[in-house]
Amino acid sequence: YKLSGLSIGLAGARTDADLERIQQAAQRVWPNVEVYATNDLETALAACPSVAGVAARVLVLAGTGSCCFGRSAKNQTARVGGRGHVVGDRGSACDLSQRALKAVMAEYDHSGRWPRLGGKILRTLLLNDPEDLIPWSMQADKTEIASLAVCVFESAAARDDLAKSLLAEAAQALADDADACAHRLVRRSER
């Protein structure tokens, strides 16, 4: 068979320079093939079937990071979130884990009692004392931090109120971002 066109959607492709680098790399491998370079959000949304009569479709992507990406019926796009674990990614595993670490420490500071969720986190990290979280958190990368989201989910399933509250906050943050994305698209399409 002969390849006539290629679309490549990669995570982290944000700028025109990123897309140009992807396109140039693909052109070296497939010199006579038309290449469309984009991000993974656009390809994921494109994989969803279109629905007639809707003003906009919004993809909510949440893993280690998070982002909402949408396309209006008039083919306009909007993105909310996806700005990394320090300044964005609301509702992501990394955000949820950071909130959990702060919440267990705050509960410990305020009540003098180490919460159940905190115990699960310490056991998961093979640490002995809440103070051990300080040096761990200073050297942990975003993937290591995000992995603690499993502790929150498991604790919520075991009816831990703190974990359930943290999950509700994360879900609300994702819903708010998706809503903001949809509203931006609808407002744009009304112009």
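Everything below is about the structure printed above this text.
What counts and what doesn't
- Residues numbered from 1 in each chain as written.
- Predicted model: local features only at pLDDT ≥ 70, side-chain atom pairs only at ≥ 80, totals over all residues.
- Heavy atoms only, no water.
- Pairing = 2+ DSSP bridges.
- Helix = DSSP H or I, 4+ residues; strand = E, 2+ residues; numbered from the N terminus.
- Axes fitted to C-alpha atoms, helices over the stretch in contact; angles between N-to-C directions.
- Parallel < 35°, antiparallel > 145°, perpendicular 65-115°, else oblique.
- Contact = heavy atoms within 4.5 Å.
- Nonpolar A, V, L, I, M, F, W, Y, C, P; charged D, E, K, R; others polar.
- Disulfide = S-S within 2.5 Å.
- Buried < 20%, exposed > 50% of the residue type's maximum accessible area, 1.4 Å probe, protein only.
- Core = buried A, V, L, I, M, F, W, Y, C linked by side-chain atoms within 4.5 Å.
- Salt bridge = Lys/Arg side-chain N within 4 Å of Asp/Glu carboxyl O.
- Phe/Tyr/Trp six-rings, centres within 6.5 Å; stacked < 30°, edge-to-face > 60°.

Asker: Teacher, can you tell me more about the pairing of strand β5 (residues 77–81) here?
Answerer: Two faces, one strand: in a regular strand the side chains alternate between the faces of the sheet. Both strand β4 (residues 66–72) and β5 contribute to a ladder of five bridges, which runs antiparallel. When the bridges of β5 are listed, Cys68 appears paired with Val80. Here β4 folds back onto β5, and the loop between the two strands holds four residues, one of which, Asn75, carries a positive phi near 70 degrees.

Asker: I would appreciate a short explanation of the packing of helix α3 (residues 93–111) against helix α7 (residues 149–157) in the present structure.
Answerer: When two helices pack together, their arrangement is given by the angle between their axes and by how far apart the axes lie. Relative orientation of the contacting elements α3 and α7 amounts to 70 degrees, with a least axis distance of 8 Å. Taken as axis vectors, α3 and α7 run roughly perpendicular relative to one another. On α7, the residues that touch Ala93, Leu96, Ser97 and Ala100 of α3 are Ala149, Val152 and Phe153. Taken together, the residues of the contact of α3 with α7 break down into six nonpolar, one polar and no charged.

Asker: What's the story with the sheet that holds strand β3 (residues 56–62) in this structure? I'm lost.
Answerer: Adjacent strands of a sheet pair through backbone hydrogen bonds, lying either parallel or antiparallel. Strand order in the open sheet formed by three strands is β3-β4-β5, with antiparallel pairing between adjacent strands. Where the open sheet ends on each side, the last strands, each with one partner, are β3 and β5. For this sheet, the mean inter-axis angle between neighbouring strands, taken without regard to orientation, is 15 degrees.

Asker: Can you walk me through the state of the cysteines in this structure?
Answerer: Disulfide: a covalent bond formed between the sulfur atoms of two cysteine residues. Throughout the structure, instances matching the rule amount to zero disulfides. Lacking any disulfide linkage, Cys151 is separated from the closest cysteine sulfur, that of Cys94, by 14 Å. Free cysteine: Cys181, not disulfide-bonded; nearest cysteine sulfur from Cys68 at 6.0 Å. For Cys181, a relative accessible area of 0% translates into the label buried.

Asker: Explanation requested: the side chain of Asp160 in the structure shown.
Answerer: By the element assignment, Asp160 lies in the loop between α7 and α8 (161–190). Setting aside anything within four residues of it in sequence, one finds Asp160 in contact with Arg116, Leu117 and Ser155.

Asker: When you look at the nonpolar core in this model, what are you seeing that I'm missing?
Answerer: In globular proteins that are soluble, nonpolar side chains generally tend to be buried together. Core analysis: the biggest nonpolar cluster contains 26 residues, and Leu117, Ile121, Leu133, Trp136, Leu148, Val152 and Leu166 have the highest contact counts within it. Listed by contribution, the elements that provide at least two residues to this core are α3, α4 (116–125), α5 (133–139), α6 (142–146), α7 and α8. Take this core: its biggest share by element is eight residues, from α3. The residues touching Val152, leaving out its near neighbours within four places in the chain, are Leu96, Ala100, Leu117, Ala163, Leu166 and Leu167. Membership of the second largest hydrophobic core comes to eight residues, among which are Leu6, Ile8, Ala13 and Val33.

Asker: Explain the pattern of salt bridges to me, please; I cannot follow it from the model alone.
Answerer: Think of it this way: side chains of opposite charge can pair up when their charged atoms draw near. Here the structure, examined in full by the defined rule, presents eight salt bridges. Between Asp177 and Arg90 there is a salt bridge, with the nearest N and O atoms lying 3.1 Å from each other. You can see Asp177 sitting in helix α8 and its partner Arg90 sitting in the loop between β5 and α3, a full 87 residues away along the chain. Asp177 gets classed as buried once you look at its relative accessible area, which sits at 10%. In this structure, Lys120 and Glu154 form a salt bridge, with 2.9 Å as the shortest nitrogen-oxygen distance.

Asker: Looking at this structure, how should I read the packing of aromatic side chains?
Answerer: Each aromatic ring pair is summarised here by two numbers: the centre-to-centre distance and the angle between the ring planes. The tally for this structure, following the rule as stated, stands at one aromatic pair. Measuring from centroid to centroid gives 5.3 Å for Tyr108 and Trp114, while their planes differ by 85 degrees, and the two rings are edge-to-face.

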